[in-house]
Amino acid sequence: MHDHAEVIDVASDALESSFERLLSSIPAFDEAASRAAYARQAELTKPAGALGQLEDISARLAGVFGEPTPDPRGAAVIVCVGDHEVTREGVSAYPSEVTPAMVNAFLSGHAAVNAIARSVNASVTILNVGVATTLAPHPSLVNAPVRLGARNIRVESAMTRSETLRAVLLGADVARSAVEGGADLLVAGEMGIGNTTPAAAVTARLLRLSPEAVTGRGTGIDDERWTRKVEVVEAALSRGASSADDPMEVLADLGGFEIAAMVGVMLQGAACRKAVILDGFVEGAAALVAARLAPNFQAFLFAAGLCAERGHRAQLNALTLSPMFDLGLRLGEGTGGALAVPLLRAAAATLREMRTFAEAGIPR
Ligand SMILES: O=C(O)c1ccc[n+]([C@@H]2O[C@H](COP(=O)([O-])O)[C@@H](O)[C@H]2O)c1
Ligand SMILES: Cc1cc2nc[nH]c2cc1C
């Protein structure tokens, strides 16, 4: 790992230029490799189209990696964590203290994401960009809080531009380390009590949807809290501080530190020509921001499952992505993203390991 804390101390203009470099470093999707993969799928020993979505996934992977028969192996889940002062408004079913407690659970290896990531041979790294409690050092923890919690979006902007840039660049830095460590498949995950509220606000603004259309039950709130949560999202949007046409402004105004860090993870993954796997609704908000920031980004993004949180379908539609499964997950942490890892590996394996009709001598 690099010295991540370094990012925090550099001046604003240096942050701006690092960010510009990140955006401009995202390559174009390799259409020729993708076409070659589709052509190979058409020759493989199966009825035409019989591998369904796996065929499209394999061709998309070819375009991402820039080779007709890609071999994605290493997988890394980067769980970005942060607190939210908007929890004071009673928008979650759980208290903020759960966030640092869950970080300790991630570090001890016993949370859902650890169990699922282990089962698919993916690493788990925790990036703390905004938890308000001191966290003990751990080899799997990158501890670089930009601020101790995102501000209460009902009344003020969550982050300043320079705080937002720092969080994005920290995410990018950790993603670069993961790629240097061998990751071909990057899952952006998150944990942060209260964060489905900023995710709803970001989604509503960017997609120009009503708060009701994108505000869900998060950790499982009742009707009364849901009505309050919609009011909070409405109030955050009516402060009028951000323009839907400026994704960084929307992120700073309505988002949070872990959402910003996921934007960085995703952009850097694409910049390294790696597949970026989208987990749930909170990641979806980050992906909308990343897609608006860099036109080339979207082609590097794969949707894992459809998440049960209201508004996730609208995010996927806006990103023109089809979910690979629908298991009713609404956890976050990168759990759904990790579950997609074997599907991506399997899709690529069909291209590499199956024979064509001609090679196998099978008539058609
Ligand atoms: O990403 C999702 O789809 C998702 C849906 C519902 C809940 N979550 C997780 O639950 C927490 C946010 O829920 P809430 O109710 O506190 O806003 C946060 O830690 C997320 O990881 C995540
Ligand atoms: C226990 C718990 C674990 C989580 N993991 C992601 N979000 C979460 C929210 C809660 C409440």
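Definitions and limits used
- Residues numbered from 1 in each chain as written.
- Chains lettered and ligands numbered in written order.
- Predicted model: local features only at pLDDT ≥ 70, side-chain atom pairs only at ≥ 80, totals over all residues.
- Near = placed C-beta within 6 Å.
- Nonpolar A, V, L, I, M, F, W, Y, C, P; charged D, E, K, R; others polar.
- pLDDT = per-residue confidence, 0-100.
- Helix = DSSP H or I, 4+ residues; strand = E, 2+ residues; numbered from the N terminus.
- Pairing = 2+ DSSP bridges.
- Axes fitted to C-alpha atoms, helices over the stretch in contact; angles between N-to-C directions.
- Contact = placed C-beta atoms within 7 Å.
- Parallel < 35°, antiparallel > 145°, perpendicular 65-115°, else oblique.

Visitor: A description of the site of ligand 2 should follow, citing residues and the corresponding values.
Guide: Close to ligand 2 lie Tyr 94, Val 98, Met 102, Met 191, Thr 219, Leu 331, Gly 332 and Glu 333, which account for all nearby residues. In terms of residue class, the shell around ligand 2 is made up of 5 nonpolar, 2 polar and 1 charged.

Visitor: Help me get a handle on the confidence of the model for the chain, residues and values and all.
Guide: On average, residues of the chain score 96 in pLDDT, and 98% of them reach the 70 mark or higher. Averaged pLDDT values for the elements of the chain fall to 58 in helix α1 (residues 6-9) and rise to 99 in helix α12 (residues 257-271).

Visitor: Account for the sheet that holds strand β1 (residues 74-82), naming residues and giving values.
Guide: Strand order in the open sheet formed by 6 strands is β3-β2-β1-β4-β5-β6, and the pairing between neighbours is parallel. Edge positions in the sheet fall to β3 (141-143) and β6 (301-303), since each of these pairs with one other strand and no more. Each neighbouring strand pair of the sheet contributes to a mean axis angle of 25 degrees, computed without reference to strand direction. Direction of pairing for strand β4 (residues 183-191) relative to strand β5 (residues 275-278): parallel, over a ladder of 4 bridges. Bridge pairing in β5 places Val 187 opposite Ile 277. Lying over the sheet, helix α7 (residues 161-180) contacts β1, β2 (122-130), β3 and β4, oriented at roughly 160 degrees with respect to β2. Contacts from α12 reach β1, β2, β4 and β5, with the element oriented near 155 degrees to β1.

Visitor: Give a detailed account of unusual backbone geometry, specifying residues and quantitative values.
Guide: Peptide bonds are trans in most cases, and residues, glycine excluded, mostly fall at negative phi. Phi is positive for Asn 121, which is not a glycine, with a value near 60 degrees. Mapped onto the elements, Asn 121 comes out in the loop between α6 (112-119) and β2. For Arg 273, which is not glycine, the phi dihedral falls at a positive 60 degrees.

Visitor: Go over the packing of helix α11 (residues 247-254) against helix α13 (residues 281-293) with me, naming the residues and quoting the values.
Guide: At a closest axis distance of 9 Å, the pairing of α11 and α13 adopts a crossing angle of 155 degrees. As summarised for this structure, α11 and α13 are arranged roughly antiparallel, according to the angle between their axes. Across the interface between the two elements, Pro 247, Met 248, Val 250 and Leu 251 from α11 touch Val 289, Arg 292 and Leu 293 from α13. Split by residue class, the contact of α11 with α13 holds 6 nonpolar, no polar and 1 charged.

Visitor: I'd like to hear about the site of ligand 1, residue by residue, with values.
Guide: Around ligand 1, 22 residues are found, and the nearest of them are Ser 92, Thr 196, Gly 218, Gly 280 and Gly 332. Contributions of two or more residues to the shell around ligand 1 are made by β4, α8 (196-207) and α13. Class assignment of the residues belonging to the shell around ligand 1 gives a composition of 8 nonpolar, 10 polar and 4 charged.

Visitor: Talk me through the environment of Gly 216; I want residue IDs and the actual numbers.
Guide: For Gly 216, the position within the fold is in the loop between α9 (211-214) and α10 (223-238). Distance in space between the C-alpha atoms of Gly 216 and Ala 338 is 23 Å, their sequence separation being 122 residues.

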